[in-house]
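Now for the letters of each chain:
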Amino acid sequence: MDLNKIAKKWQKKWEEKGIFKVEEGSKKKKFYCLEMYPYPSGGGLHMGHLRNYAIGDALARYKRMQGFNVLYPMGYDAFGLPAENAAIKNKADPEKWTWANIEIMKQQQKDMGLSYDWDRQIQSCDEDYYKWNQWIFLKFYEKGLAYRKNAVVNWCPSCTTVLANEQVIEGRCWRCKNEVEEKELEQWFFKITDYADQLLEDIEKLEHWPERVKIMQRNWIGKSHGVEINFKIKDSKKTISTFTTRPDTIFGVTALVFAVEHPMVLELIKNTDKEKEAVDFIKKTKKRTMKDRTSEEIEKNGVFIGKYCINPVNNEEIPIYVADYALMEYGTGAVMVVPAHDQRDFEFAKKYDIPIKVVITPQQHELKAEKMSRAYVEEGVLANSGKFNGMNNLDAIEEISEWMEKQKMGKRAVHYKIRDWLISRQRYWGTPIPMVHCNKCGIVAVPYENLPVKLPKPDKCRFTGEGNPLETCKEFVNVKCPKCKGDARRETDTMDTFVDSSWYFLRYCSPKYDKGPFDRKKADYWMPVNQYIGGIEHAILHLLYARFFTKALRDLKLTRVDEPFARLLTQGMVLKDGEVMSKSRGNIVDPREITVKYGPDTARLFILFVAMPEKELEWSDKGINGVYRFLNRVYNMHGMVDNIKADEHILNKMHRTIRNASENMDNLEFNKAIVELYGYADYLSSLEKIPKEAFEYLLLLLSPFTPHLCEELWEKTGNKGFISLEKWPGFDKSKISEKIEEEEQLMENTISDIRSVLKLVKIEPKKVYLYAIPNEKNIFSGNKDMLKRKLGFDVEAYAVNDKDIYDPKGKAKKAKPGKPALFLE
């Protein structure tokens, strides 16, 4: 059996007949199956890709067999930094480099036998794709969703580009993992904050998303109800705005801390004796990760900046610090310190000798600040809180908020952690932002009829690794203003590549449509994506942006859906020797090596068999060999097939397997479905002859996992057409017998017991005697031939009360229900 030869044969036949092409006009119910489209990097497919596609293809094939009209497309996330870095390092053309990698990756995907409709292939670097990025940008600009402003931005000196907040992970660049700095630049943003409430509320609609992804999105949006309180700086007209969800603790505020990123800090310390100490602390703190700064296990640090402010509710002077545990992302970046009722504040106060003032005390006894060993964070009654003394602290939140508003000390507010999406990138290999800068007219949009704004050819730009290559191309930069026709300068920022992936799933619905980003009618037919598959690392970035885009496009009347992905599966990582596969660890297993040696069906079946899709998968050379042997066994079973009728035992096994495997497939529990098929194949191979119908059902059930082998055996069994287009078998409940199942389980357990005894005694018996309780004897007697085939020697069964029993060692008395006694001779 040559699994690679078989694979090539059927891939050619599938392509010639175009069996996976799909149209919208079908009367069948639609099913849109999609994996996150890959970045075409130089290394081709890795095991993580293979796992992703094996999951998606198995599901697409299953749904096709169930009678759905399945859209299952593929494309490439083709813009991005690695192509540009290759241009800098190797003097390569980013476009040619990208296309060469796409062809390599596409061939590998074809070699795996993935059932994509290749007529729908897209790549984001195509002009007829990024034209529509620009078109959408202009629509967003008209609606006020795209705007430009001066901002302190995250700057990656290694990648020499700006990063969105979501792309900074624990102080480091999401791509190169180097430390990120801050820089002030004029940048383009998308106003994702306009959709913060919708994005948050509609998480409730995502019933079939993993809970941890929903939690991550909720936390990233970070909606909080509270009060903005203004603290007047002593001897100054300036005030510091803070935000708190706990106004009940306002009387206990004994200090105020700034986040190191707060712009006011440098202003307040300028030309003071605290400047050097504070600046050094700020620089040092910015190099630490957010996780490190906010960890409850790590000591909190700060620096007094030499200034005081006034607590508006009691006119007390309180010191101002800059501290590592205050974050700019939360509230205003200035935080009230309430040591008696917040553990981090308590530790900070103890370290820097800041007063501790109790304002919430248990009902049973009064707390004394000097006797406290930790913060009191439970519910209680207010103390030292003026006219609110004696109130339950949680009940007082609303009253204190109202009182502060009336006294003009603060105002009720809703705050979000999410910030607007910074999309400007100072790179060449991305979508040009379709705007022009004119000295006379200001910022002017490129007219729609002039789209796309095309990237200049790489030989017109200088790739040095410093700055933006587009700025070096005069032909690109120098243009006429669309408004006044005078000299103007083209915008040289390109769009964040996450823009490309925020709507690509809509383009698949009509990839050749030229009157808009997508055909509304076709998108209405296919959307939403029924099953989306990809890595957990995209839980915030891509998935949040795609949700935002879908809602914004809905409001532009371009689509009717407001959530793009009905069901989400985040597949687990692929490990080897307990570590994530990576080049740096030297533990990469190249999918090409596996397919050359074992064939694509073996690789596909192994990767779906060894773990649930969402769990981590441990690669095993021994495991892949086991799967290969199983497929050989299935192939050889073809020689046992006969045109005989299946008896009730075979029908029971067959229909039970169909029922269980179908349920597993519906729940995306592919490994459990495969275990069912292993059991069914084992059962069939134990027969002297296999009924043709029973073998065909095995092939049908196995075909989503090992399509090439199943096509070959389907043909060898005398069937016409493609098994890939056959109907998924249904089960007949009346054919499933619990009695037969119990009998077969008894047989399996007994065979297992005999094999265990043989390992211990290390003899080769000529015969085995079974001593069973009376009503189990006939089960063993009726299966003597099968037992002999499986064990390799004769089996004689007795009931423990048989008069002619042969029991030279008195074993019969040890027999129990479901567990016969044994004697080996």
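Structure's up top.
Starting from 1, residues in each chain are numbered consecutively following that chain's sequence as written. For this predicted model, a pLDDT threshold of at least 70 governs which residues receive local features, and a threshold of 80 or more governs which side-chain atom pairs are given and counted, while totals over whole chains, interfaces and linings are taken from all residues. Computation of side-chain values: all heavy atoms of the structure, hydrogens and water removed.

1. Overview of the sheet that holds strand β30 (residues 617-618)
Between any two strands, pairing holds if DSSP finds at least two bridges. Numbering of helices and strands runs from the N terminus; a helix is a DSSP stretch of H or I covering at least four residues, while a strand is a stretch of E covering at least two. Taken in spatial order, the three strands of this open sheet run β29-β28-β30, and their pairing is mixed. Two strands bound the open sheet, and with one partner strand each, they are β29 (579-580) and β30. In terms of strand pairing, strand β28 (residues 574-576) meets β29 through two bridges, oriented antiparallel. Bridge pairing links L575 to V580 in β29.

2. Structural notes on helix α20 (residues 648-666)
The end-to-end C-alpha distance of α20 is 27 Å, a good match for the 27 Å that 19 residues give at a rise of 1.5 Å each. Burial status follows relative accessibility: with a 1.4 Å probe on protein chains alone, a residue under 20% of its type maximum counts as buried, one over 50% as exposed, and anything between as partly exposed. A large share of α20 lies buried, amounting to 14 of its 19 residues. Structurally, the start of α20 carries an N-cap: the backbone nitrogen of H649 is 3.0 Å from a side-chain oxygen of D647. The span you would expect from a helix comes to 1.5 Å times its residue count less one. Any N or O atom pair separated by 3.5 Å or less is treated as a polar contact, with the protein-specific requirement of one donor-capable and one acceptor-capable atom, and with residues adjacent in sequence counted only for side-chain atom pairs.

3. Quick look at the packing of helix α1 (residues 3-17) against helix α23 (residues 707-716)
The relative placement of two packed helices comes down to the angle between their axes together with the axis-to-axis distance. In this analysis, axes come from line fits to C-alpha atoms, helices being fitted only over the stretch in contact, and the angle between any two N-to-C directions falls in the range 0 to 180 degrees. Interaxial distance between α1 and α23 falls to 8 Å at its minimum, and their mutual angle equals 85 degrees. Between α1 and α23, the angle falls in the class roughly perpendicular. On α23, the residues touching L3, I6, A7, K9, W10, Q11, K13 and W14 of α1 are P707, H708, L709, E711, E712 and E715. Under this scheme an angle from 65 to 115 degrees is roughly perpendicular, one under 35 degrees roughly parallel, and one over 145 degrees roughly antiparallel; angles in between are oblique. Should any heavy atoms of two residues lie within 4.5 Å, those residues are considered in contact.

4. Quick notes on the packing of aromatic side chains
For Phe, Tyr and Trp, where Trp contributes only its six-membered ring, two rings pair if their centres lie within 6.5 Å, and the inter-plane angle classes them as stacked under 30 degrees, edge-to-face over 60, or tilted in between. Per the stated rule, a full pass over the model turns up 53 aromatic pairs. Relative to F705, the ring of F670 lies with its centre 6.1 Å away and its plane at 70 degrees, an arrangement referred to as edge-to-face. Of this pair, F670 sits in helix α21 (residues 670-685) while F705 is found in the loop between α22 (692-702) and α23, placing the two residues 35 residues apart along the sequence. Judged by its relative accessible area of 0%, F705 falls in the buried class.

5. Structural notes on the sheet that holds strand β26 (residues 531-535)
An order of β2-β1-β26-β27 is seen for the four strands of this open sheet, with the pairing classed as parallel. Each of the sheet's edge strands pairs with one partner strand only, and the pair in question is β2 (69-71) and β27 (568-571). Averaged over all pairs of adjacent strands, the angle between strand axes in this sheet comes to 20 degrees, irrespective of strand direction. Packing against the sheet, helix α2 (residues 47-65) makes contact with β1 (30-35), β2, β26 and β27, and its axis sits at approximately 175 degrees to β1.

6. Observations concerning the pairing of β26
The buried count for β26 comes to five of five residues, which makes it a mostly enclosed element. Pairing of β1 with β26 involves three bridges; the strand directions are parallel. Its bridge partner being in β26, C33 is matched across the sheet by Q531. Taken together, the four bridges between β26 and β27 define a ladder with parallel strand orientation. Note on β27: the bridge partner recorded for I533 is L569. In this region the chain leaves β26, passes through helix α16 (residues 541-555) and returns to the parallel neighbour β27; the handedness of that crossover is right-handed. Seen with its strands pointing away from the viewer, a crossover is right-handed if its path from the first strand over the helix to the second goes clockwise.

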